Amino acid sequence: MWDASKCDLCGDCLVKCLYANYDKDKAVAEIKALMEGKEAEIISQCITCCACRQYCPTGADPFSLIISMQEKAGIFPISEDDLVAASFGVPNELIPGDADKPVLSLCIMERYIAQDTIAGQLFEGMPVVKGGDYFCLIGWEHYGKESPIEKYARRFIDNVASLGKDIVFLHDDCYAMAHAKIKDYGITVPFKYRHIFEYLHNYLRDHQSNITRLGKKVAYQQPCASRYTPEKNVFLDEIFQLIGVERPPRKYERETALCCTAPILRTKLEMAVTIQEKNVKDAIECGADALITLCPMCDRIMSRPTGQLGLTKIYITDLCRIALGEKPWPAKVS
C-alpha cells in the first residue's frame, strides 16, 4: 500500500522502469503529480508489471499509488462487476487426498496449464483445491483495480482457511497475496502456507537419489507478482542446483526481468510483441536451452514467441519431473 511518508522522491521507481523513458527530474515530477492527485503521464504508460515496487529503496510502494490513480482515471474500461464475475464465477472443486499432505491450491489457473503439469510422484496423494472461491485477487492489479483487492481480501483468506489444512500455492499471485499484500490490510493469515518453489525444493532435496542431473542451461520467466516476494527465489536457485541446470547471467532477469506482457496484449499489441521478442532473444543469447516458467499465464503467453524463435519452454514442475525421470526433455523447437 502506498505510504507517502516513506517516499523521498529519489525517482528510482520510474528511472529504472524498463517501459518508460524517464530521467530523474521527469520521474520525480510524475510521482509528485500522483501524490497531488493529478493524472500523470505514467498512469497511461504503466503496463502494471509491479517492478517499481521492488525498485523503491524505501518501501513506499509507488506501484500501489500508480494503480490507484489508474483506477480513479478509469484507464482500464473493465468494471469491478465484470472482474468479480470472471474470477469468482469459476467452479470450485476439492479433490481429496492423503490426510497428512498439504493442499495444493490452483486458484483459477488450472485452465492455463497442461493436464499433467501436477502429476507424478511430486504430487501423488496430494489434495487439490481450485475455483473462484480461492482466487487471490492480485491479478486485478493488471486491470488498474486497487480498491477491490482490499474489498475482497478477507474473503480470499477465509475461504482458504476454511480448508483447515496447510497450503501450497502453485500460483505466484496467491503466495504474494498471502505473504505480502495482505499485510497492507491488517489481516492475519491463520494457516500455514508455502510457495511451490519451497515445496519442490524440499521434495527434491529429500529424494536426491531419484534425480538425474540434466546438464542444461536455462533462463527463467519471472512473474510480475514475484516483485512482492523476491526473497523466495533462493529456492529456485537451489532447485536448479539440485537438478543440475545452470542459470547463466542475462540482461533481463531478477530485478530487471521483463513482463510476459499479458496485461497489454489487447491494448498495446505492438509493444507487447517487441518486449516478448527482446526477452526470448536475450534468453537465447545467454545460451539457454529452455525458458522456464512459473506463472500459468506467463507459460501460455510465452508459447508464441518461444515457438517462433526456436526456444524450448518448460513449466517448472515439468522441469522437475524431467529430472526425476518421469518425462523426457522436449524435442528441440524448430
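Procedures and definitions
Residues numbered from 1 in each chain as written. Predicted model: local features only at pLDDT ≥ 70, side-chain atom pairs only at ≥ 80, totals over all residues. Heavy atoms only, no water. Helix = DSSP H or I, 4+ residues; strand = E, 2+ residues; numbered from the N terminus. Buried < 20%, exposed > 50% of the residue type's maximum accessible area, 1.4 Å probe, protein only. Polar contact = N/O pair within 3.5 Å; in protein donor to acceptor, adjacent residues only side chain to side chain. Axes fitted to C-alpha atoms, helices over the stretch in contact; angles between N-to-C directions. Parallel < 35°, antiparallel > 145°, perpendicular 65-115°, else oblique. Contact = heavy atoms within 4.5 Å. Nonpolar A, V, L, I, M, F, W, Y, C, P; charged D, E, K, R; others polar. Salt bridge = Lys/Arg side-chain N within 4 Å of Asp/Glu carboxyl O. Arc of directions from axis to C-beta.

> Explanation requested: the environment of Gln 121 in the structure shown.
You can see Gln 121 is positioned in the loop between strand E2 (103-105) and strand E3 (128-130). The exposure class of Gln 121 is partly exposed, given its relative accessible area of 21%. Between the C-alpha atom of Gln 121 and that of Ala 176, which follows or precedes it by 55 residues, the distance is 26 Å. A polar side-chain atom of Gln 121 sits 3.4 Å from a polar atom in the side chain of Asn 210.

> Would you explain the packing of helix H9 (residues 196-206) against helix H14 (residues 316-323) in this entry?
When two helices pack together, their arrangement is given by the angle between their axes and by how far apart the axes lie. Running from amino to carboxyl end, H9 crosses H14 at an angle of 5°, the nearest separation of the two axes being 11 Å. For the element pair H9 / H14, the angle class is roughly parallel. Side by side, H9 and H14 meet where Phe 197, Leu 200 and Leu 204 of the first sit next to Ile 316, Thr 317 and Cys 320 of the second. Broken down by class, the residue content of the contact of H9 with H14 amounts to 5 nonpolar, 1 polar and no charged.

> Is there a simple way to explain the pattern of salt bridges in this structure?
Side-chain pairs of opposite charge can arise where the charged atoms are in close proximity. Considering all chains together, one arrives at 22 salt bridges under this definition. One salt bridge in this structure joins Lys 232 and Asp 172, with 3.2 Å as the shortest N-O distance. Remark: Asp 172 occurs in helix H8 (residues 172-179) and Lys 232 occurs in the loop between strand E6 (216-221) and helix H10 (233-243); sequence separation between them is 60 residues. Of the two residues, Lys 232 and Asp 172, both sit in the buried class. When salt bridges that share partners are traced, they join Asp 237, Arg 247, Glu 253 and Arg 254 into one network.

> Looking at this structure, I do not really get H10. What am I missing?
Residues spaced three or four apart along an α-helix point in a common direction, a consequence of the helix completing one turn every 3.6 residues. Those residues of H10 lying buried are Asn 233, Leu 236, Ile 239, Phe 240, Leu 242 and Ile 243. One face of H10 carries all of its buried residues, which in axial projection span an arc of 165°. Residues of H10 that are buried make contact with H9, E6, strand E7 (245-246), strand E8 (290-293) and H14. Just beyond H10, the residue with positive phi is Gly 244, at close to 75°.

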